[in-house]
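# Per-entry structural report
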Amino acid sequence: MGTQGSAARVLEREQAEFERRTPRSRERYERALKVLPGADTRAVTFHWPYPAVVERMHGVELIDIDGNRATDFLLNYTTMVVGHGHPRVVEAAQAAVARGTAVAAPVPGQLELAEELVRRVPSVERVRFVNSGTEATMLAVRVARAHTGRPIVVKAAGGYHGTYPDLDLNLREGVFPPGVPETTPVRLVPYNDLPALEALLAEVGDDVAAVILEPVLGSAGIVPGDRDYLLGAQRAARAAGALFVLDEVVTFRLGPAGAQGLLGLDPDLTAFGKTIGGGFPVGALGGKAAPMDQMAPGAARAFLHSGTFNGNPVTVAAGLATLELLDADAYAYLDRLGAALGKGLRDAIRETGARAQVTQVGSLANLHFTDEPPRDGDVPARIDPTAAAAFHLGLANRGVSVAPRGTFALSTAHVERDVERTVLAATEVLAALSG
Ligand code: PLP
C-alpha cells in the first residue's frame, strides 16, 4: 500500500496546472473579492485556489470562461438529474416564461406538480412549495412545533438541512461564530446510532416536536443510513409523540418515491428540493394532512406561511417536465451507472493502493480519504484534507467536475463512456497520491 506523504506535492502540482488553465477565472476571482465576501455567493462553490467560472452548461458538459471543458459529476450538488438544458425541460420553462413569470395567484403547474408528488410518495397528502431546501426544512420545524406544541428538534450530528441556524447546530466547526447563541432547542444525536436516539427520547421525548433525518447523509459525504436505524428512528419518534421528518432534498432522486419508497419509511413530513424544480430555485414540504393543514387559512391552529415566489410558474413547469422524464427506465439507468461508477472507483483504489473508501447509493457516490468506510456525520473531521484537495483539482485538470469533498452524482444525460473516463482520471490521480 502506498502512502499519502506525497499528497502535498501532488496538490502543489495540480494547483499550478489549474492556475495555468484558468487565468480568466483567476482575474474574475480577484475582481469579485472586492464585492462578494470570499469572491462567491455560496460557500460550497468555493475551493482553493479559486473556482473556475462556468459560462455554459449543456447535457453533462461544462465550459468555463477560459474555454476548458469538463464533464459535470456535481450537477449543481445533485440537482440536475436529467442533465443541463434537457430539451423537454427547456421547452416547458420557455413556455412558462412566455406566459409570465410571477403573479400573486394560483398558476397552472402548481397543482399538477403537487399531485405528482402525492401520486409518487404515499406518505405525502399535502404539499407546500417554497424556494429552497432550506426553507422546506425551516417550514418542517415550524409545522412540527405548531402541531405538537413542543419546542425541541432532534437532528443527527453532521446532518445538513440547509443554512438555517437552528439546523446548522454544531454541523462543523466555525458554523457559529463565537458569541452567537444557540437560538432554539436542537439536540444532536450521532447518525446510524438508534440506542443514542432512544436514550435521548427517553430523557426529553415529551418535549420533542420532531426528529429530522436525512436517509443518506449528503453533505457529510453520501453516508447511507441503515434501514433498521431509519425505521427505528421513525418508530421511536412516533412513540414519543413527535413527528418524524425525512429530508429528501438530495435523496428524492434515488427512486420514484425517493429513499422512503426504497426503505419503506412513512414520515409525517418530507422536505423536497433540488430535482423537483428542474434546475430552478425550489423547495417543498410534503406531509400528512393533519400537520400540513395547519397552514390552510381558517384552520383551527392556523399559522401564516407565505412567500413571494412560492410555487413560481417557471419552477413548477420545469419541475414537472423533469419528473415526467424520470420513469422506471430512467431510475434503472441511473442505478446502473451509479453501480458502475462505485465499482470503478473501488477498483481504482485497490489497483493504486490509495488509502480511500467509496460509498455509493444509486446515482450518488463519494470517495473519502479515510481508513474506514464512514458511518456517521463526522467524516469531514476524519478525511485527509490534502489528499482530498489534490484529488478534486486532479480531476478538474482532467476534465471531471466533482464536489471538493469527493461527491459524484449521475444524470440520465451521462453515458457509460463518461463513467469510464472518470474512473481512468481517478485512477491516475490516486496513483500519483499513492506514489
Ligand atoms: N437538505 C439537504 C439534505 C441538502 O443537501 C440541502 C442542500 O444541499 C438542503 C436541505 C438545503 O437546500 P437549499 O440549498 O436548496 O437551501
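For the structure, check the block above.
To keep things clear, this report deals only with the structure shown in the data block.

Another aspect to go through is the side chain of threonine 79. Relative to the elements of secondary structure, threonine 79 occurs in the loop between helix H3 (75–78) and helix H4 (87–99). By relative accessible area, which is 8% here, threonine 79 ends up buried. With sequence-adjacent residues up to four places away left out, threonine 79 is seen in contact with Lys274, Thr275 and Gly279.

Glancing now at the pattern of salt bridges. Considering all chains together, one arrives at 18 salt bridges under this definition. For aspartate 226, the salt bridge is made with arginine 375, and the minimal N-O distance between the two is 3.0 Å. Linking aspartate 226 in the loop between strand E9 (223–224) and helix H9 (227–239) with arginine 375 in the loop between strand E14 (364–368) and helix H14 (379–382), this pair joins segments that are 149 residues apart in sequence. Overall, the relative accessible area of 42% leaves arginine 375 in the partly exposed class. Each of the salt bridges in this network shares a partner with another, and the network as a whole consists of Glu14, Arg398 and Glu428.

Close contact between helix H15 (residues 385–397) and helix H16 (residues 416–434) brings their axes to 9 Å; oriented N to C, the two are set at 140°. Viewed along their axes, H15 and H16 adopt a mutual orientation that is oblique. Along this stretch, H15 crosses H16, giving a crossing that reads as right-handed. Contacts between H15 and H16 involve Ala387, Ala390, Phe391, Gly394 and Leu395 from the former and Ala425, Ala426, Val429, Leu430 and Leu433 from the latter.

In this section: the packing of aromatic side chains. Overall, the coordinates contain eight aromatic pairs when judged by the stated rule. Centroid distance phenylalanine 73 to phenylalanine 408: 6.1 Å. Interplanar angle 70°. Geometry classified as edge-to-face. With a gap of 335 residues between them, phenylalanine 73 in the loop between strand E3 (69–72) and H3 and phenylalanine 408 in strand E16 (residues 407–409) connect regions that are remote in the sequence. When its relative accessible area of 0% is taken as the criterion, phenylalanine 73 is described as buried. By the ring-pair criterion, three or more aromatic residues cluster together here, those being Phe18, Tyr29, Phe46, Trp48 and Tyr50.

On to the sheet that holds strand E7 (residues 208–213). Within a sheet, each strand pairs with its neighbour through backbone hydrogen bonds, oriented either parallel or antiparallel. Judged by pairing direction, the sheet is mixed, and its seven strands sit side by side in the order E4-E12-E11-E10-E7-E5-E6 without closing on themselves. Each edge of the sheet is formed by a strand with only one pairing partner; in this case those strands are strand E4 (126–130) and strand E6 (186–189). Direction aside, neighbouring strands of the sheet carry axes that sit 20° apart on average. Against the sheet, helix H5 (residues 110–120) makes contact with E4 and strand E11 (269–273), and its axis sits at roughly 125° relative to E4, the strand it touches most. On the sheet, helix H6 (residues 133–148) packs against E4, strand E5 (152–156), E7, strand E10 (243–247), E11 and strand E12 (283–287) and is oriented at approximately 165° with respect to E11.

What counts as what
- Residues numbered from 1 in each chain as written.
- Predicted model: local features only at pLDDT ≥ 70, side-chain atom pairs only at ≥ 80, totals over all residues.
- Heavy atoms only, no water.
- Helix = DSSP H or I, 4+ residues; strand = E, 2+ residues; numbered from the N terminus.
- Buried < 20%, exposed > 50% of the residue type's maximum accessible area, 1.4 Å probe, protein only.
- Contact = heavy atoms within 4.5 Å.
- Salt bridge = Lys/Arg side-chain N within 4 Å of Asp/Glu carboxyl O.
- Axes fitted to C-alpha atoms, helices over the stretch in contact; angles between N-to-C directions.
- Parallel < 35°, antiparallel > 145°, perpendicular 65-115°, else oblique.
- Left-handed = near helix turned anticlockwise from the far one by under 90°.
- Phe/Tyr/Trp six-rings, centres within 6.5 Å; stacked < 30°, edge-to-face > 60°.
- Pairing = 2+ DSSP bridges.

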